[in-house]
Amino acid sequence: MRICLTLPFACDPKAASFALPYGIAVIAPILQKQHPGADIFFSTNENEVLSADIIYCSGMSEAWDIVNDLGRKAIERGKKFVVGGQHVTALPQTLRYGEAFRGPLENFEQPWANPLPDWSIFPTSLHSNAKYIVMSSRGCPFKCRFCSSSSFWSGRYFPFPTNRVIAEIRQLAHMGVKEIILFDDLFTANASRLRSLVERIVSEGLNYIRYSCLVRADTISNEVLDLLQAMNVVNAAFGAESGSDIMLRVMNKQTTCDKNQKCIDLLLSYGYSPVFSMVIGFPGESRSTLQQTFDFIAHNKGKCLPEVYPVQPLPGTWLWDYFTNKYNPDLNSFDWSSLSLRGNTLDWEKYHLLSDSCTIDDLREFMALASSK
Ligand code: B12
Ligand code: SF4
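Just so we're clear, the structure is a prediction, and the values are computed from it rather than from any experiment.

(A) Quick look at the pattern of salt bridges. One pass over the full model with this rule turns up 19 salt bridges. Residue Glu109 pairs with Arg156 through a salt bridge whose shortest N-O separation is 3.1 Å. Taken together, the residues Glu109 in the loop between β5 (99-100) and α5 (124-127) and Arg156 in the loop between α6 (149-152) and β8 (157-159) connect sequence positions 47 residues apart. Between Asp362 and Arg287 there is a salt bridge, with its nearest N and O atoms 2.5 Å apart. Of this pair, Asp362 sits in helix α14 (residues 360-372) while Arg287 sits in helix α12 (residues 287-299), placing them 75 residues apart in sequence. The class for Asp362 is buried, based on a relative accessible area of 12%. Residues participating in the shared-partner salt-bridge network are Glu46, Asp69, Arg72, Lys73 and Glu76.

(B) Representation of the sheet that holds β5. The parallel open sheet is built from five strands, whose spatial order is β2-β1-β3-β4-β5. Across the chains shown, the open sheet's two edge strands, defined by having one partner strand only, are β2 (39-42) and β5. Bridge analysis of strand β1 (residues 2-6) against β2 gives four bridges, and the strand direction is parallel. The residue bridging Leu5 from the neighbouring strand is Phe42, located in β2. Where helix α3 (residues 64-76) meets the sheet, its contacts fall on β1, β3 (54-58) and β4 (80-84), and the angle it forms with β4 comes to roughly 160 degrees.

(C) Seen up close, the pairing of strand β10 (residues 210-215). Looking at chain direction, strand β9 (residues 179-182) and β10 are connected through four bridges and run parallel. By the bridge assignment for β10, Leu182 is matched with Cys213. In this view, the connection linking β9 to its parallel neighbour β10 by way of helix α8 (residues 191-203) has right-handed handedness. As defined by bridge partners, β10 adjoins strand β11 (residues 233-241) across five bridges and the pair is classed as parallel. Residue pairing in the sheet places Leu214 in a bridge with Ala237 of β11. Taken together, β10, helix α9 (residues 222-230) and β11 constitute a β-α-β crossover, and its handedness is right-handed.

The rules behind each value
Residues numbered from 1 in each chain as written. Chains lettered and ligands numbered in written order. Predicted model: local features only at pLDDT ≥ 70, side-chain atom pairs only at ≥ 80, totals over all residues. Heavy atoms only, no water. Salt bridge = Lys/Arg side-chain N within 4 Å of Asp/Glu carboxyl O. Helix = DSSP H or I, 4+ residues; strand = E, 2+ residues; numbered from the N terminus. Buried < 20%, exposed > 50% of the residue type's maximum accessible area, 1.4 Å probe, protein only. Pairing = 2+ DSSP bridges. Contact = heavy atoms within 4.5 Å. Axes fitted to C-alpha atoms, helices over the stretch in contact; angles between N-to-C directions. Right-handed = clockwise from strand over helix to strand, strands pointing away.

Keep in mind these values describe shape, not function.
Structure below.
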């Protein structure tokens, strides 16, 4: 039996930030256990995908029309088509063909108790320029209103045992990998857990690897930064989200602009050039809150790497419910590409304005100004 794992869209090795799809590497050995003896392969080439007996597809919201199109072709050819991921977990009714798999594939109580990722699922050509991801936990204890993490993991946070994390890092070290992205929703959630992990990374000599990670402003302290430096974290990114405390409250971010600025200053004092992301267009956004966000970016100009995204209501979030109440969209004819998160190439004609206090032109103008900064 031939089983294909696929992820529309894109696996573009030419992209600067190209990271091999970690989720596929995690899913592959779990499926191998469920289908002993099957030939399991990864492909994004449609003909190759459709040549398999079973197609396991991971689908993002903005690629949902592509997922449904692939599903139609698979079913027409008599193939089994199964789709998983955050979109179908939140909105299984939007899958037109095949079967929806909802939630994590691992045991929900012990998401770390599955085999190590299978990186050999990817052809050699994809490895040459790739970055590699490790996750040392799943879920997040916070509930930001634009994020689906808490609904996907039922509001729970699962730190993985140190042994498991070290095994994943060691696996990549044996492959000669020298750069790892720790893509936990919140890598620095717990300082004592971080300390045990860092102690092991250092004692096992795995701190020659360059790490990048995501943090939250209120989890950054001298103690945490000393640990990040000891393990050789060279890049740290966090969601500052807005330069307006009012907007941060509406987003339920549970942090403040002052804390965000302190986090940036502390990261700078340790020699980092922090990446911070901002979302604009949340309900309640106005020209005045946009100006505050602009000022925040301008204040940190040259020292940091700000990224700005027009907010999108992703399924499984508070914002999705807000959006559906506001616009009552017909999900049977919904254009899913309208949920694109690519700020610079966004099709504004399709954009769903969520704030009554600003216009799409205000947001466009902001994006143009921010990208010229
Ligand atoms: C790392 C990451 C990235 C990285 C790397 C992606 C990569 N190549 O691996 C980068 C930065 C490149 C990226 C890009 C994008 N990402 Co991203 N990313 C993530 C992140 C943080 C982790 C994904 C991951 O590896 N998780 C670990 C794996 C093991 O878990 P998983 O993917 O959820 O899969 C589990 C289950 O869902 C299930 N499952 C998943 N698929 C399938 C399929 C089948 C058949 C079955 C049975 C089960 C199953 O089993 C898995 C194990 O339990 C998630 C947020 C998160 N914490 O999950 C966002 C997330 C997946 N990304 C998201 C988005 C939107 C994007 C972009 C579209 C953004 C953009 N426009 O640039 C692109 C698309 C990239 C692409 N071509 O696929 C959204 C998707 C939301 C949605 N509703 O679709 C998420 C959920 C973040 C968010 N809440 O906004 N991303
Ligand atoms: S945005 Fe970050 S801090 Fe907020 S709920 Fe999502 S993962 Fe957690």
